[in-house]
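Examining the three-dimensional arrangement
Each chain is listed here by its residues.
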Amino acid sequence: MTTAVQELTTMRVQTLIKGEIEVPLDAIITFVEPPIGFSTTRFVILQTTPGPLYWLQGVDDPHVLFCVMAPFEAGLDPDLEIPGECAHELGAADAHELDVFTLVVLDQDPQKTRTNLRAPILVGKTTRLAKQVVLEAQHLPVQFFLHSMKTGKL
Amino acid sequence: MLILSRRRLESIRIGEDILITVLEVEPGGQVRLGIEAPRTYRILREELLASVVAENRQAVAGADAVSRLSALLPPVADDTKGTTGS
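Residues numbered from 1 in each chain as written. Chains lettered and ligands numbered in written order. Predicted model: local features only at pLDDT ≥ 70, side-chain atom pairs only at ≥ 80, totals over all residues. Heavy atoms only, no water.

Within chain A, the secondary structure is distributed over 2 helices and 11 strands. For chain A, the succession of helices and strands along the chain, N to C, is α-β-β-β-β-β-β-α-β-β-β-β-β. Taken over C-alpha atoms, the radius of gyration comes to 16 Å for chain A, in line with the 15 Å a tight globule of 154 residues would show. The principal-axis extents of the C-alpha atoms in chain A amount to approximately 55 × 35 × 30 Å. Counting across all 154 residues of chain A, residues that qualify as buried make up 49%. The contacts of chain A with a sequence gap of at least 6 include a subset with a gap of at least 24, amounting to 49%. As displayed, chain A has an accessible area near 7,200 Å², and 53% of this comes from carbon and sulfur atoms. (Helix = DSSP H or I, 4+ residues; strand = E, 2+ residues; numbered from the N terminus. Rg over C-alpha atoms; globule rule 2.2 N^0.38 Å. Buried < 20%, exposed > 50% of the residue type's maximum accessible area, 1.4 Å probe, protein only. Contact = heavy atoms within 4.5 Å. Areas by Shrake-Rupley, 256 points an atom, 1.4 Å probe, with all protein chains shown as cover.)

The following block contains the structure:
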């Protein structure tokens, strides 16, 4: 029954920004705990523009859609001090095996577009397990305004 | 709400595995607490958790999100690579 096996390697996902798309199962990210305040646990990462901004699209609800930023790709080095146990919980040996994303609020006023550096989303690079963590480091702002970036990458 | 009075270095135990100790009571009214609990518990200052929840809700993007994002980015000179799903 090889055809049945092949059918299971992708799934169709309804997205808010690209309509229905076919996604490889191994691209699906599973949160060990849903993003704080939400109940959706399965997401897929999409991109519509080059650069450090991506979309985190809920697989089971197209209306759960976040814009996220890869802060290191954006030229930020926010010294996140990710505890080792966060990595272990996601099946990663250490923080180097994690992708880091931060939620972006696309405010109506572009000057108020901001990202939450205090509560990043960590994704195991190989395990695709994810979690939003609230970090101890008090220097990290919950509201980091993107217009204050001088990297030229945004 | 259960209300208990405790002095410095006195503790409260919650269940089997959570211990909260009053470490210091400062004259200004600030209280320093030591908390021992398994790592599986998320322990946060209430106002920090509330601000993360509020910001997460604000971060939910609507159907106009792509245009808002495009408005944020400088115009791209040429056809671009690196988009997924194409």
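So that's the structure; there's more coming.
With that settled, the discussion passes to the interface of chain B and chain A. At the interface, 30 residues of chain B touch 41 residues of chain A. Ionic pairing is found between Glu55(B) and Arg114(A), a salt bridge with its closest N-O pair at 2.4 Å. Remark: the boundary between chain B and chain A carries 8 residue pairs in polar contact (both at pLDDT 80 or more). Looking at the side of chain B that touches chain A, the elements with two or more residues in it are helix 1 (46-58) and helix 2 (65-72) of chain B. The element that contributes the greatest number of residues to the side of chain B that touches chain A is helix 1 of chain B, accounting for 9 residues. A breakdown of the residues in the side of chain B that touches chain A according to their chemical character gives 15 nonpolar, 8 polar and 7 charged. (Salt bridge = Lys/Arg side-chain N within 4 Å of Asp/Glu carboxyl O. Polar contact = N/O pair within 3.5 Å; in protein donor to acceptor, adjacent residues only side chain to side chain. Nonpolar A, V, L, I, M, F, W, Y, C, P; charged D, E, K, R; others polar.)

Let us now look at the packing of aromatic side chains. Residue and element names in this part refer to chain A. Within this structure, the stated rule accounts for 4 aromatic pairs over all chains. Where phenylalanine 38 meets phenylalanine 66, the ring centres are 5.2 Å apart and the plane angle is 85°; that geometry is what we call edge-to-face. Remark: phenylalanine 66 occurs in strand 6 (residues 65-69) and phenylalanine 38 occurs in the loop between strand 3 (29-31) and strand 4 (42-46); sequence separation between them is 28 residues. Within the aromatic cluster, the residues linked to one another by ring pairs are Phe31, Phe38, Phe43 and Phe66. (Phe/Tyr/Trp six-rings, centres within 6.5 Å; stacked < 30°, edge-to-face > 60°.)

Residues and elements named next belong to chain B. In spatial order, the strands read 1-2-3; together these 3 strands make up an open sheet with antiparallel pairing. Lying at the two open borders of the sheet, with one neighbouring strand each, are strand 1 (11-14) and strand 3 (31-36). Here the average twist between neighbouring strands, direction ignored, is 20°. (Pairing = 2+ DSSP bridges. Axes fitted to C-alpha atoms, helices over the stretch in contact; angles between N-to-C directions.)

This paragraph deals with helix 1 of chain B. The terminal C-alpha atoms of helix 1 of chain B lie 18 Å apart, and with 13 residues this matches the ideal 18 Å at 1.5 Å per residue to within 8%. Among all positions of helix 1 of chain B, only Leu48(B), Val52(B), Val53(B), Glu55(B) and Asn56(B) are buried. Buried residues in helix 1 of chain B, looked at end-on, bunch into an arc of 165°, giving them a common side. Opposite the packed face of helix 1 of chain B, turned more than 90 degrees from it, sit the exposed residues Glu46(B), Glu47(B) and Arg57(B). The elements touched by buried residues of helix 1 of chain B are strand 6, strand 7 (98-105), strand 8 (114-115) and strand 10 (129-132) of chain A. (Expected span 1.5 Å × (residues − 1). Arc of directions from axis to C-beta.)

Pairing between side chains of opposite charge can happen when their charged atoms approach one another. Inspection of every chain in the model, using the stated rule, returns 13 salt bridges over all chains. Measuring nitrogen to oxygen at the nearest pair gives 2.7 Å for the salt bridge that ties Arg12(A) to Glu20(A). Taking the relative accessible area as the measure of exposure, Glu20(A) reaches 44% and is therefore partly exposed. Asp107(A) is the salt-bridge partner of Arg114(A), the closest N and O atoms lying 3.4 Å from each other. Each member of the pair, Arg114(A) together with Asp107(A), is buried. Counted as one network, the salt bridges with shared partners bring together Glu33(A), Glu89(A), Lys131(A) and Arg42(B).

Residues and elements named next belong to chain B. Here strand 1 runs beside strand 2 (residues 18-25); their pairing, made up of 4 bridges, is antiparallel. Across the sheet, arginine 13 pairs through a bridge with leucine 19, a residue of strand 2. Here strand 1 folds back onto strand 2, and the loop between the two strands holds 3 residues, one of which, glycine 15, carries a positive phi near 65°.

Now for the pairing of strand 1 (residues 10-15) of chain A. Residues and elements named next belong to chain A. For strand 1 and strand 2 (residues 19-24), the ladder comprises 6 bridges, and the chain directions are antiparallel. Bridging across to strand 2, methionine 11 finds its partner in valine 23. Between strand 1 and strand 2, which follow one another and run antiparallel, lie 3 residues.

Within the largest apolar cluster, 38 residues are counted, with the highest numbers of intra-cluster contacts made by Trp55(A) and Leu122(A). Mapped by element, the contributors of at least two residues to this core are strand 2, strand 4, strand 5 (53-58), strand 6, helix 2 (84-89) and strand 7 of chain A together with helix 2 of chain B. Excluding anything up to four places from it in sequence, Leu122(A) contacts Ile82(A), Cys86(A), Leu90(A), Leu98(A), Asp99(A), Val100(A), Leu129(A), Ala130(A), Lys131(A) and Val133(A). Counting 17 residues, the second-largest nonpolar core is a separate cluster that includes Phe43(A), Leu56(A), Phe66(A) and Ala70(A). (Core = buried A, V, L, I, M, F, W, Y, C linked by side-chain atoms within 4.5 Å.)

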